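Residues per chain are reported as follows:
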There are 2 protein chains.
Amino acid sequence: MLIFIGMGLWDEKDISVKGFEYAKKADEVYIEFYTSRMMGTDLERIENLIGRRITVLERSDLEENSKKLIEKAISGDIAVLVPGDPMIATTHSVINLEARLRGVKVKIIHNASIFTAICGLTGLHNYRFGKSVSISYPHGNTVSKSPLNVIQENWSINAHTLLFLDLHPEPMSINEAIEILLQADEENILNGCYSVGVARAGSSNPVIRCDRLENLKKIDFGKPLHILIILSKKIHFTEYDCLKEFAGSPEELRYFVI
Amino acid sequence: MLIFIGMGLWDEKDISVKGFEYAKKADEVYIEFYTSRMMGTDLERIENLIGRRITVLERSDLEENSKKLIEKAISGDIAVLVPGDPMIATTHSVINLEARLRGVKVKIIHNASIFTAICGLTGLHNYRFGKSVSISYPHGNTVSKSPLNVIQENWSINAHTLLFLDLHPEPMSINEAIEILLQADEENILNGCYSVGVARAGSSNPVIRCDRLENLKKIDFGKPLHILIILSKKIHFTEYDCLKEFAGSPEELRYFVI
């Protein structure tokens, strides 16, 4: 059996009691920090909590060499610890599919994801988020337009956009992400739009700030991981109240309340 | 301090190690089953795991009488256990805001939510979901058009729709939800659309089925909780591969692959 165990958002104690028990009993335990990171802990602390030696998987172990992992799971119980909730990353769902096509049972032990955690941190309503999208580091001089397209699509249905920031080679900061967005924005569609930056979700010192995109760019959010939200053109009054209290949003945001 | 502790999706062991520790140390421990349910456990099993007496909160304790809870949290550490990830329900974010306006520190211990768990169960890509919406039981002869409007908005940007099913007075089944949707659909916009039903996410026996909406209506998904997804008009080829393997989708779904 292949057991994907979500590790949650921040440190080793975000694992569920069920995940902990499965990791303890498994024949072999692996972990990957490729699809996301656990900034509040490290391998040693995770090994100490579980009481097991844990092998770190590289990108290639999850992609072109994923067969090896699947083959081990034919005869034994293989636990793979992953940051956040497993299967948000398509990398995991491809392994899930391959394993099941080979007749290997796959178990998923779910955990917290930034995707829902941001609602608690910002007060934004979950049901008002549209499609999410990633911001990648530019390849040479080419900056992807795809985040801008998704933001516009979401605006057309009055929805917020969650932007995941690139992790490779190093976790991208909110400031870098805004720089990349503005660089791609030749038609100036982002001019004056409101945004929310969230740093270190799940930790005891998250930073949450709401402002116009150009102002947010100047704020120091501190250590990673960071994520960015572009607000829809209309917000709910309880979203306004929460953003004011939780994210220090400017007074003029009230003109955007439905 | 007011500590919202997510309980995850299914049973008492879905609580995180951190949530468990906070619940153990708190001055008082409460739980609510109003915004969602834990179908794989009961109060007694949760009390046994935590090793504490736990008081069940009613709807009114979370809404008109939420001040009482906040007042207790001025002088002591009050833990409130909630199914899923806290703050997905606006009920919680209102208490969060009220507490902070009263100067009470609020801590959120995140956990798994159906919102991201469905990606692992169905193979659908998280970033291809649009806005979500709830289906309520009809009030008299009035059936809300709002789910249909959201489905159409999401279709306009090629996104899937996650539909949360009403819990009161009893958890709604996928079959009832489809019946209500079709009743509201006077213009027949749902005709021939594809959908995915998921029952008992987080349990060891989830049922996941993908078919045309009218066919899904005839399937017995068994015990609650149920949720329903309306697919976008185009799906990614890996979504197709996963739906075929995980949800027994019909061959003809391949015509919808991008």
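Calculation notes
- Residues numbered from 1 in each chain as written.
- Chains lettered and ligands numbered in written order.
- Predicted model: local features only at pLDDT ≥ 70, side-chain atom pairs only at ≥ 80, totals over all residues.
- Heavy atoms only, no water.
- Helix = DSSP H or I, 4+ residues; strand = E, 2+ residues; numbered from the N terminus.
- Rg over C-alpha atoms; globule rule 2.2 N^0.38 Å.
- Buried < 20%, exposed > 50% of the residue type's maximum accessible area, 1.4 Å probe, protein only.
- Contact = heavy atoms within 4.5 Å.
- Areas by Shrake-Rupley, 256 points an atom, 1.4 Å probe, with all protein chains shown as cover.
- Lys, Arg positive; Asp, Glu negative; His and termini not counted.
- Charge placed at Lys NZ, Arg CZ, Asp CG, Glu CD.
- Pairing = 2+ DSSP bridges.
- Axes fitted to C-alpha atoms, helices over the stretch in contact; angles between N-to-C directions.
- Salt bridge = Lys/Arg side-chain N within 4 Å of Asp/Glu carboxyl O.
- Polar contact = N/O pair within 3.5 Å; in protein donor to acceptor, adjacent residues only side chain to side chain.
- Nonpolar A, V, L, I, M, F, W, Y, C, P; charged D, E, K, R; others polar.
- pLDDT = per-residue confidence, 0-100.
- Right-handed = clockwise from strand over helix to strand, strands pointing away.
- Least-squares fit on C-alpha atoms with pLDDT ≥ 70 in both.
- Phe/Tyr/Trp six-rings, centres within 6.5 Å; stacked < 30°, edge-to-face > 60°.
- Lys NZ or Arg CZ within 6 Å of the ring centre and 35° of its normal.

Q: I keep staring at the overall build of chain A and nothing clicks. Help me out?
A: Of regular secondary structure, chain A possesses 10 helices and 10 strands. Taken against the 2.2 N^0.38 rule, which gives 18 Å for 258 residues, the C-alpha radius of gyration of chain A at 20 Å falls within 12% of a compact globule. The principal-axis extents of the C-alpha atoms in chain A amount to approximately 60 × 35 × 30 Å. Within chain A, the fraction of its 258 residues that count as buried is 58%. Taking contacts inside chain A between residues at least 6 apart in sequence as the whole, the part at least 24 apart equals 74%. When the accessible area of chain A is evaluated, it comes to approximately 10,400 Å², of which 48% is carbon and sulfur surface. Averaging the locations of the 29 positively and 34 negatively charged side chains of chain A gives two centres separated by 4 Å.

Q: Explain the sheet that holds strand β9 (residues 207-212) of chain B here, please?
A: All names here are of chain B. Spatial ordering of the open sheet is given by β6-β7-β10-β8-β9, a layout of 5 strands whose pairing is mixed. In this open sheet, the two strands that pair with only one neighbour each are β6 (133-135) and β9. Adjacent strand axes in the sheet meet at a mean angle of 25 degrees when their direction is disregarded. Here β6 runs beside strand β7 (residues 161-165); their pairing, made up of 3 bridges, is parallel. Paired with I135 across the two strands is L165, which belongs to β7.

Q: Looking at this structure, how should I read the interface of chain B and chain A?
A: By a frequent convention, interface size equals the accessible area lost on bringing the separate parts together. Taken together, the contacts link 52 residues of chain B with 52 residues of chain A. Counting across the chain B and chain A interface gives 6 salt bridges. Of the charged contacts, one joins K18 of chain B and D14 of chain A as a salt bridge, the two residues approaching to 3.0 Å between their closest N and O atoms. Along the contact surface separating chain B from chain A lie 16 residue pairs in polar contact (both at pLDDT 80 or more). At the level of secondary structure, the elements contributing two or more residues to the side of chain B that touches chain A comprise α1 (17-25), α5 (90-101), β5 (106-109), α6 (114-122), α7 (146-156) and α10 (237-247) of chain B. Taken together, the residues of the side of chain B that touches chain A break down into 21 nonpolar, 18 polar and 13 charged.

Q: What should I look at first to understand the confidence of the model for chain A in this one?
A: Caution applies to low-pLDDT parts of the model: their predicted coordinates are not meant to be read in detail. When pLDDT is averaged across chain A, the result is 95; 100% of the residues are at 70 or more. This prediction of the complex comes with two scores: 0.95 for pTM and 0.94 for ipTM.

Q: Would you mind going over the pairing of β7 of chain B with me for this structure?
A: Both faces of the sheet carry side chains from a regular strand, because those side chains alternate between them. Residues and elements named next belong to chain B. Counting buried positions along β7 gives 4 out of 5 residues, so the element sits mostly inside the fold. Chirality of the crossover, the property in question, places the unit of β6, α7 and β7 among those that are right-handed. Relative to strand β10 (residues 226-230), β7 is paired through 4 bridges, and the arrangement is antiparallel. What sits directly across from T161, in β10, is I230.

Q: Please explain the relation of the copies chain B and chain A as it appears in this structure.
A: Both copies of the chain are related by one operation, a rotation about an axis with a shift along it. Taken as rigid bodies, chain B and chain A are interconverted by a rotation of 180 degrees and an axial shift of 0.0 Å, the fit giving an RMSD of 0.0 Å. The superposition operator between the copies reduces to a two-fold rotation axis. Looking at the interface residues of chain B, 100% of them are also at the interface in chain A, so both copies use one shared face.

Q: Which parts of the structure should I look at to understand the packing of aromatic side chains?
A: Geometrically, a pair of aromatic rings is defined through the distance of the ring centres and the angle of the planes. The tally for this structure, following the rule as stated, stands at 5 aromatic pairs over all chains. Considering the side-chain rings of F115 of chain A and F115 of chain B, the 5.3 Å spacing of their centres and the 15 degrees angle between planes classify their relative orientation as stacked. Here the residue F115 of chain A occupies a position in helix α6 (residues 114-122), and F115 of chain B occupies one in helix α6, the pair thus bridging two chains. The pair F115 of chain A / F115 of chain B is uniform in exposure class, with both members buried. Considering the side-chain rings of Y194 of chain A and F256 of chain A, the 5.0 Å spacing of their centres and the 70 degrees angle between planes classify their relative orientation as edge-to-face. Taken together, the residues Y194 of chain A in strand β8 (residues 194-199) and F256 of chain A in the segment after α10 (237-247) connect sequence positions 62 residues apart. Assessed through its relative accessible area of 23%, F256 of chain A is described here as partly exposed. Site record: aromatic cluster; members linked through ring pairs are F115 and F164 of chain A together with F115 and F164 of chain B. In this structure, K25 of chain B packs its charged tip against the face of Y22 of chain B, placed 5.1 Å from the ring centre. The ring of W155 of chain B is capped by K233 of chain B, whose NZ or CZ atom sits 3.9 Å from the centre of that ring.

Q: Which parts of the structure should I look at to understand the pattern of salt bridges?
A: Should the charged atoms of two oppositely charged side chains come close, the side chains can pair. A complete count under the given rule lists 30 salt bridges over all chains for this structure. For the salt bridge of E21 of chain A with K13 of chain B, the shortest nitrogen-to-oxygen distance reads 3.0 Å. Of this pair, E21 of chain A sits in helix α1 (residues 17-25) while K13 of chain B is found in the loop between β1 (2-6) and α1, placing the two residues in two different chains. Assessed through its relative accessible area of 29%, E21 of chain A is described here as partly exposed. With a shortest N-O distance of 3.5 Å, E71 of chain A and R102 of chain A are connected by a salt bridge. Of this pair, E71 of chain A sits in helix α4 (residues 66-75) while R102 of chain A is found in the loop between α5 (90-101) and β5 (106-109), placing the two residues 31 residues apart along the sequence. One network of salt bridges, in which partners are shared, links D11 and D14 of chain A together with K18 of chain B.

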